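Close look at the chain arrangement
Here is what each chain is made of, one letter per residue.
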Amino acid sequence: MKEIIISVQQQKREMFFLAVSLTIAIILNILGILIYETPFTEFFTELPYVVVITMFIYAVTVVVRLIIHFVKSIINKKS
Amino acid sequence: MSYLVKNPKVEIVAVCDNYMPNLKLGLEMAPKAKGYTDYRRVLEDKTIDGVVIAVPPSLHAQITLAAFAAGKNVFCEKALSIYMDEVLEMYNAHKASGKIFFVGQQRVYDPRYIRAMERIHSGDYGAIQSIRMNWDRNTDWRRPVSSPDLDRQINWRLYKDTSRGLMTELACHQLGVGMWAMNSIPNQVMGVGSLIARAKEREVYDNVSCIYKFDNGVKMTYESTNSNKFYGMEERILCEKATFELEKSRYYHEEIPPASGLMQVMHDIESKTFNSIPMAGSSWVPDSASQNKGEVILDRKTEGDGTKELLEAYIEANITKKQPQYLAEESYYSTQLCLLGHQAMEEERIMQFPDKYKINYLNHKKVV
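Residues numbered from 1 in each chain as written. Chains lettered and ligands numbered in written order. Predicted model: local features only at pLDDT ≥ 70, side-chain atom pairs only at ≥ 80, totals over all residues. Heavy atoms only, no water.

A short note on the overall build of chain B
Where we set the bar: For the purposes of this entry, the term helix denotes a DSSP run of H or I that reaches at least four residues, the term strand denotes a run of E that reaches at least two, and both are numbered from the N terminus. For every residue, the accessible area obtained with a 1.4 Å probe (protein chains only) is divided by the maximum for its type, and the residue is called buried under 20%, exposed over 50%, and partly exposed between those limits. We call two residues in contact whenever any of their non-hydrogen atoms come within 4.5 Å of each other. Think of it this way: Lys and Arg go in the positive column, Asp and Glu in the negative one, and His and the chain ends go nowhere. Where a charge sits is defined by one atom per residue type, namely NZ (Lys), CZ (Arg), CG (Asp) or CD (Glu).
Helices and strands together make up the secondary structure of chain B, namely 11 helices and 14 strands. Here chain B, with 368 residues, has 47% of them falling under the buried criterion. Partitioning the intrachain contacts of chain B with sequence separation of at least 6 by distance along the chain shows that 69% fall at a separation of at least 24. In chain B, 46 positive and 48 negative side-chain charges are present, and the distance between their average locations comes to 3 Å.

As for helix H8 (residues 166–182) of chain B
Residue and element names in this part refer to chain B. Here is the rule: In a helix, the anticipated span is given by 1.5 Å times the number of residues less one.
Between its first and last C-alpha atoms H8 spans 23 Å; for 17 residues at 1.5 Å apiece the expected length is 24 Å, and the two agree. The element H8 is extensively covered by neighbouring structure, given that 17 of its 17 residues are classed as buried. With its phi angle positive at about 55 degrees, Asn 183 sits one or two positions after the end of H8.

Remarks on the sheet that holds strand E3 (residues 50–53) of chain B
Residues and elements named next belong to chain B. Defined as follows: Following DSSP output, two strands are said to pair if at least two bridges run between them. Every axis corresponds to a line fitted to the C-alpha atoms, with the helix fit spanning only the stretch in contact, and the corresponding angles, defined between N-to-C directions, vary from 0 to 180 degrees.
Read across the sheet, three strands follow the order E3-E4-E5 without closing on themselves; strand pairing throughout is parallel. Whereas interior strands pair on both sides, the edge strands pair on one side only; in this sheet they are E3 and strand E5 (101–103). Going across the sheet, the axis of each strand differs from the next one's by a mean of 15 degrees, ignoring polarity. Judged from the four bridges that link them, E3 and strand E4 (residues 73–76) form a sheet pairing that is parallel. Bridge assignment links Gly 50 to a residue of E4, and that residue is Asn 73.

Considerations on the sheet that holds strand E6 (residues 128–136) of chain B
All names here are of chain B. As summarised here, the arrangement of the nine strands in space is E13-E12-E11-E10-E6-E9-E8-E7-E14, forming an open sheet in which the pairing is mixed. On the outer flanks of this sheet lie strand E13 (295–296) and strand E14 (351–352), each paired with one strand and no other. Sheet strands in contact with helix H11 (residues 327–347) are strand E7 (188–194), strand E8 (207–213) and E14, and its direction is about 60 degrees off that of E7.

Points about the pairing of strand E11 (residues 242–245) of chain B
The side chains of a regular strand alternate, residue by residue, between the two faces of the sheet. Residue and element names in this part refer to chain B. Here E11 shows two buried faces, one formed by Ala 242 and Phe 244 and the other by Thr 243 and Glu 245. Both strand E10 (residues 233–239) and E11 contribute to a ladder of three bridges, which runs antiparallel. Of the residues in E11, the one forming a bridge with Leu 238 is Thr 243. Adjacent in sequence and paired antiparallel, E10 and E11 are bridged by two residues. Two strands pair when backbone bridges link them, and E11 and strand E12 (residues 250–253) are joined in this way by four bridges, in the antiparallel orientation. Directly across from Thr 243, in E12, lies its bridge partner Tyr 252.

Some points on the packing of helix H6 (residues 111–122) of chain B against H8 of chain B
All names here are of chain B. This is how it is decided: Ten residues, namely Ala, Val, Leu, Ile, Met, Phe, Trp, Tyr, Cys and Pro, are considered nonpolar, four, namely Asp, Glu, Lys and Arg, are considered charged, and the remaining ones, Gly among them, are considered polar.
At a minimum axis distance of 9 Å, the contact between H6 and H8 shows a crossing angle of 35 degrees. Packed against H6, whose contacting residues are Tyr 113, Ile 114, Met 117, Ile 120 and His 121, the element H8 presents Val 177, Trp 180 and Ala 181 at the interface. Taken together, the residues of the contact of H6 with H8 sort by class into seven nonpolar, one polar and no charged.

Overview of the interface of chain A and chain B
Here is the rule we go by: Two parts lose some accessible area (1.4 Å probe) when they are put together, and adding that loss for both gives the buried area. Side-chain atoms alone can form a polar contact between residues adjacent in sequence; in general such a contact is a pair of N or O atoms within 3.5 Å, and within protein one must be able to donate a hydrogen while the other accepts it.
In this complex, chain A contributes 13 residues to the contact, which on the side of chain B involves 10 residues. Between chain A and chain B lies a buried interface of about 860 Å² when both sides are counted; carbon and sulfur atoms form 74% of it. The tally of links between chain A and chain B comes to three residue pairs in polar contact (both at pLDDT 80 or more). Counting residues per element, the ones that place at least two in the side of chain A that touches chain B are helix H1 (8–35) and helix H3 (47–78) of chain A. Its residues assigned to classes, the side of chain A that touches chain B shows eight nonpolar, three polar and two charged.

Let's talk about the packing of aromatic side chains
All names here are of chain B. For the record, the criterion: Pairing of aromatic rings covers Phe, Tyr and the six-membered ring of Trp, with a centre-to-centre limit of 6.5 Å; geometry is then stacked below 30 degrees between planes, edge-to-face above 60, and tilted otherwise. Only Lys NZ and Arg CZ are tested; either one counts as a charge over a ring when it is within 6 Å of the ring centre and within 35 degrees of the ring normal.
A full pass over the atoms with the stated rule returns 17 aromatic pairs over all chains. Measuring from centroid to centroid gives 5.5 Å for Tyr 333 and Phe 353, while their planes differ by 50 degrees, and the two rings are tilted. Here Phe 353 lies in the segment after E14 and Tyr 333 lies in helix H11, a separation of 20 residues in the sequence. Phe 353 shares its class with Tyr 333; the two are buried. In this structure an aromatic cluster arises from ring pairing among Tyr 91, Tyr 326, Tyr 332, Tyr 333, Phe 353 and Tyr 361. Over the ring of Tyr 205 we find Lys 160; its NZ or CZ atom is 5.9 Å from the centre of that ring.

Description of a nonpolar patch on the surface
Note the threshold: Patches in this entry comprise residues that are over 30% relatively accessible and not in a salt bridge; like charges within 9 Å are linked, as are nonpolar side chains (Val, Leu, Ile, Met, Phe, Trp, Tyr) within 5 Å. Where accessible areas are quoted, they stem from the Shrake-Rupley method and a 1.4 Å probe; at the residue level, only the protein chains shown are allowed to cover. For this analysis, a salt bridge means a side-chain nitrogen from Lys or Arg found within 4 Å of a carboxyl oxygen belonging to Asp or Glu.
A surface patch of nonpolar side chains, amounting to about 550 Å² of accessible area, comprises Val 63, Ile 67, Phe 70, Val 71, Ile 74 and Ile 75 of chain A. The topology assignment puts Ile 75 of chain A in helix H3.

Description of the confidence of the model for chain B
Definition in use: The pLDDT value expresses, per residue, how confident the predictor is, ranging between 0 and 100.
Model confidence for chain B is summarised by a mean pLDDT of 93, while 97% of its residues fall at 70 or above. Across the whole predicted complex the pTM is 0.81, and at the interface the ipTM reaches 0.82.

As structure tokens, this is what we get:
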């Protein structure tokens, strides 16, 4: 079986994307509370949804990066 | 009877029926009991404290009056009678004798209904705006008979001289619930009854619709049919802030609490991303029924429909010799209201509750 090695740089990059996703989800939660004037306790009670949204955004970034990687590799092959 | 034989506080000493197969069945359930075919012989037995009368409503009055006269406590099946005069006579006999008087209106002992009434009467859900009741079955009500001579005796529900059909068999259970919720007795009723699907099989209506009006303007509608069961049975109490469905034992807030801020933001993003932008459209939105799933009225499971509790209360009343407050009055008006509805349908006119049948209860005062 092939050993997969994830470099420190790759790990840092993925952590960065995850942190950005989490930040966006938290901002959405705060925005929701402010725009719809809901109780501030929702900041905590909605945390499970924040985690789910974080995962969703992160998954989107993965898909987008895979597409970019795929397109780049086609261009590089042609050139 | 199946509840009574299981209760250790009860000793069934007599079973009476003039239809032999049923008498045999009764004696099989209570083997120590003595069999009778004439209720008058039963009432002669001085050792008997109370009786349970489960005969066609056209016979309730004569047996109940005889039982009170003999000093017995009485549990009588609903409806009390098919005549309003007899219902009053039975109530007066109960008051004069001081004996216990229970009627088979089991909903008043059903924990789900009791909890619902506590909620409604708390005022937290606002005033009652409307009451809607229905009981739909698809049944011919006919029971097999070994001889045509027995048809009227066995299938008494189908004939006008022994029954008021859907009103005395079904409405009687539900109209009392509306009165209980309102804490008031409606003084006006109009209605339409018809024989649509079963005209060849019976004399009583197979399709009834009545509107009862309370003094404050609230209407209680009652609909029942014997030829379509889709909607089953339900009692709906529509309050200002919530709607109660008593049979389902659920209630539905009129205003549903909004979703969390985060969910609303996500919904906004989703709808702005995926929904098409309408170029033109109607400003009218259809008033579809609410999809609100509601909440349970009683947050614990119950068994049965209150029959067991009602019979247990009757047994306790026999022992303590105390009549539960207002029980006889609730039952009295439950029957009177269904009979008045029947009269409105028969005479095709708006009926006012007659003064001569008023007793001292809720918004009614006895007219001397």
